[in-house]
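Residues per chain are reported as follows:
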Amino acid sequence: MTMSSALPTSRAPARWQDFLQLLKPRVMSLVVFTAITGMVCAEAPINPILGAIAVLCIAVGAGASASLNMWFDADIDAKMRRTRGRPVPAGRVQGADALALGVVLSMFSIMLLGMTVNWLAAGLLAFTIVFYAVVYTMWLKRSTPQNIVIGGLAGALPPVIGWAAATGTVPLNAWLLCAIIFMWTPPHFWALSLYTSEDYEKAGVPMMPVVAGAKSTRKQILIYSLLFTPLCLVPAFTGLGGMTYLAVAAGGGVIFLVLAWRVFKSRAGDAADPRQDDGLYDVKAAAKDARNLFAFSILYLTLLFATLLAEHLLDLPAFGGF
Amino acid sequence: MSDPQNEGPVDAKARRGRNIALALGLALFMVLVFVVTIVRLGASTANG
């Protein structure tokens, strides 16, 4: 049984803040950040008002897909500590209302982006919403441990949408930004899942540590990290990033690899620690390395995109490129 | 949704908050449509 029909209803009335929570504002802020980076890196003159509307549409589209995700996943959200307080599983918002909000905001964001900016960007936004809400949420998440690998494409597309909004085209450099986020996703989420796998197991979500075990997950984190970190250097050689970017990507990449190696050598996710209490973000002693990689992965990706953004806004020197 | 005729103060406050948020959203949408129209018209006029 999926969705919220089997969930208990609460007497607490829905507040507007609950509907805002359905849009996952924190995820939305990351989407906006990467979309703006794509838009600025495109270096094409765009009317600032239309640029702001494009960013608004991308943000609302991301929120719409989050609402659709919370509608469909309410049953498994109710079983996990990290998500059981969300508006639908907590009974503050009815599933049908979350569905309606997601559908309405999807249509609003796609149509407004298409009519005001361009239809390539709107088409990419529509694809992203459908990919996240249908392909990832309804299909992959419950059926394969590769869920976050393939589903990561939805989170990787915002810079491409931003680029398309600014130029009406999506050149190789736009897809390079997409590829960086895409390759970042597996080590990032698997590091998290190493110390939250009990929750996923309880909810029946086939995350990699649940299906393949912690040892295999740690090995795959290392493999993806070995692919991800050199990829982060590529923008410096395609004219997208400059000297500062190269320094940040190289320095951060070394730290990322060291942390991934530590996770590989650790026993993160292996066995339950009897001293563990029931706190939401408590981490078993053995999983500290996984937590460190998870935290640094967020910082690293943020630094990469912030550096690109700063270089293009401040017109810092390029590395050379070819 | 609660019945407005028989709701308590907490329900009424929540409903008022939802209504205000919806009204602000609709007002923002109107402003957006107006601004986009002006920008688009301006661009078309400038291009001849």
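Residues numbered from 1 in each chain as written. Chains lettered and ligands numbered in written order. Predicted model: local features only at pLDDT ≥ 70, side-chain atom pairs only at ≥ 80, totals over all residues. Heavy atoms only, no water.

The helix and strand inventory of chain B stands at one helix and zero strands. Dimensions of chain B, computed from C-alpha atoms along their principal axes, come out at roughly 60 × 15 × 10 Å. Burial analysis of chain B (48 residues in total) assigns 17% to the buried set. (Helix = DSSP H or I, 4+ residues; strand = E, 2+ residues; numbered from the N terminus. Buried < 20%, exposed > 50% of the residue type's maximum accessible area, 1.4 Å probe, protein only.)

Our next topic: the overall build of chain A. Assigned secondary structure in chain A consists of 14 helices and zero strands. In sequence order, the secondary structure elements of chain A are arranged as α-α-α-α-α-α-α-α-α-α-α-α-α-α. For 322 residues, the compact-globule estimate of 2.2 N^0.38 gives 20 Å, and the C-alpha radius of gyration of chain A, at 20 Å, lies within 12% of that figure. By principal-axis analysis of the C-alpha atoms, chain A measures approximately 55 × 50 × 30 Å. Taken across its 322 residues, chain A has 53% of its residues classed as buried. A sequence separation of at least 24 residues applies to 77% of the contacts in chain A between residues at least 6 apart. Carbon together with sulfur atoms contributes 68% to the accessible area of chain A, which is approximately 13800 Å² in total. Here chain A contributes 23 positive and 17 negative side-chain charges, whose respective centroids are spaced 5 Å apart. (Rg over C-alpha atoms; globule rule 2.2 N^0.38 Å. Contact = heavy atoms within 4.5 Å. Areas by Shrake-Rupley, 256 points an atom, 1.4 Å probe, with all protein chains shown as cover. Lys, Arg positive; Asp, Glu negative; His and termini not counted. Charge placed at Lys NZ, Arg CZ, Asp CG, Glu CD.)

Attention now goes to the interface of chain B and chain A. With 13 residues of chain B at the contact, the number on the chain A side is 18 residues. Between chain B and chain A, a total of about 1200 Å² is buried, with carbon and sulfur atoms accounting for 76% of that surface. Of all residues in chain B, B:Leu32, B:Val39 and B:Arg40 give up the largest surface area on contact with chain A, accounting jointly for 35% of the area buried on that side. Linking chain B with chain A are zero salt bridges, by the criterion used here. Counting across the chain B and chain A interface gives three residue pairs in polar contact (both at pLDDT 80 or more). Along the lines of polarity and charge, the residues of the side of chain B that touches chain A split into nine nonpolar, one polar and three charged. (Buried area = accessible area lost by both parts, 1.4 Å probe. Salt bridge = Lys/Arg side-chain N within 4 Å of Asp/Glu carboxyl O. Polar contact = N/O pair within 3.5 Å; in protein donor to acceptor, adjacent residues only side chain to side chain. Nonpolar A, V, L, I, M, F, W, Y, C, P; charged D, E, K, R; others polar.)

Residues and elements named next belong to chain A. Tallied over the full model, the rule gives eleven salt bridges over all chains. Notably, a salt bridge pairs Asp199 with Arg81, separated by 3.7 Å at the nearest N-O pair. A residue pair is termed long-range when its members are at least 10 positions apart, and Asp199 in helix α10 (residues 197–203) and Arg81 in the loop between α4 (74–77) and α5 (95–116) qualify at 118 residues. By relative accessible area, which is 7% here, Asp199 ends up buried. Its salt-bridge partner being Lys202, residue Asp199 comes within 3.9 Å of it at the nearest N-O pair. Of this pair, Asp199 and Lys202 both sit in helix α10, separated by three residues, roughly a single helical turn. Here the salt bridges do not stand alone but share partners, grouping Asp73, Asp75, Lys141 and Arg142 into one network.

With that settled, the discussion passes to the packing of helix α6 (residues 119–143) of chain A against helix α7 (residues 147–156) of chain A. Residue and element names in this part refer to chain A. Where α6 contacts α7, the two axes come as close as 8 Å, and the packing angle between them is 165 degrees. As far as their axial angle goes, α7 and α6 are roughly antiparallel. For the pair α6 and α7, the crossing hand works out as left-handed. Contacts between α6 and α7 pair Phe127, Thr128, Phe131, Tyr132, Tyr136, Leu140 and Lys141 from the former with Asn147, Ile148, Ile150, Gly151, Leu153 and Ala154 from the latter. Counted by class, the contact of α6 with α7 contains nine nonpolar, three polar and one charged residues. (Axes fitted to C-alpha atoms, helices over the stretch in contact; angles between N-to-C directions. Parallel < 35°, antiparallel > 145°, perpendicular 65-115°, else oblique. Left-handed = near helix turned anticlockwise from the far one by under 90°.)

With that settled, consider the domain arrangement of chain A. All names here are of chain A. Split by domain assignment, chain A resolves into domain 1 (17–170) and domain 2 (171–322). The distance between the C-alpha centroids of domain 1 and domain 2 comes to 21 Å. Facing the 34 residues of domain 1 at the interface are 38 residues of domain 2. Between domain 1 and domain 2 lies a buried interface of about 3300 Å² when both sides are counted; carbon and sulfur atoms form 72% of it. It is Arg81, Arg82 and Ile148 that lose the most area in domain 1 upon contact with domain 2, and together they represent 22% of the buried surface on that side. At the junction of domain 1 and domain 2, the tally comes to one salt bridge. There are four residue pairs in polar contact (both at pLDDT 80 or more) connecting domain 1 and domain 2. Counting only elements with at least two residues in the side of domain 1 that touches domain 2, the list comes to α2 (25–41), α6, α7 and α8 (158–167). (Domains from an automatic or database assignment.)

So, on to the packing of aromatic side chains. Each aromatic ring pair is summarised here by two numbers: the centre-to-centre distance and the angle between the ring planes. Residue and element names in this part refer to chain A. Within the structure shown, the criterion is met by twelve aromatic pairs over all chains. Plain terms: the ring middles of Tyr132 and Tyr136 are 5.5 Å apart, the flat faces sit at 25 degrees to each other, and that makes the pair stacked. One end of the pair, Tyr132, and the other, Tyr136, are both in helix α6, four residues apart, so they sit about a helical turn from each other. Aromatic rings pair up to connect Phe228, Phe256, Phe296 and Tyr300 into one cluster. (Phe/Tyr/Trp six-rings, centres within 6.5 Å; stacked < 30°, edge-to-face > 60°.)

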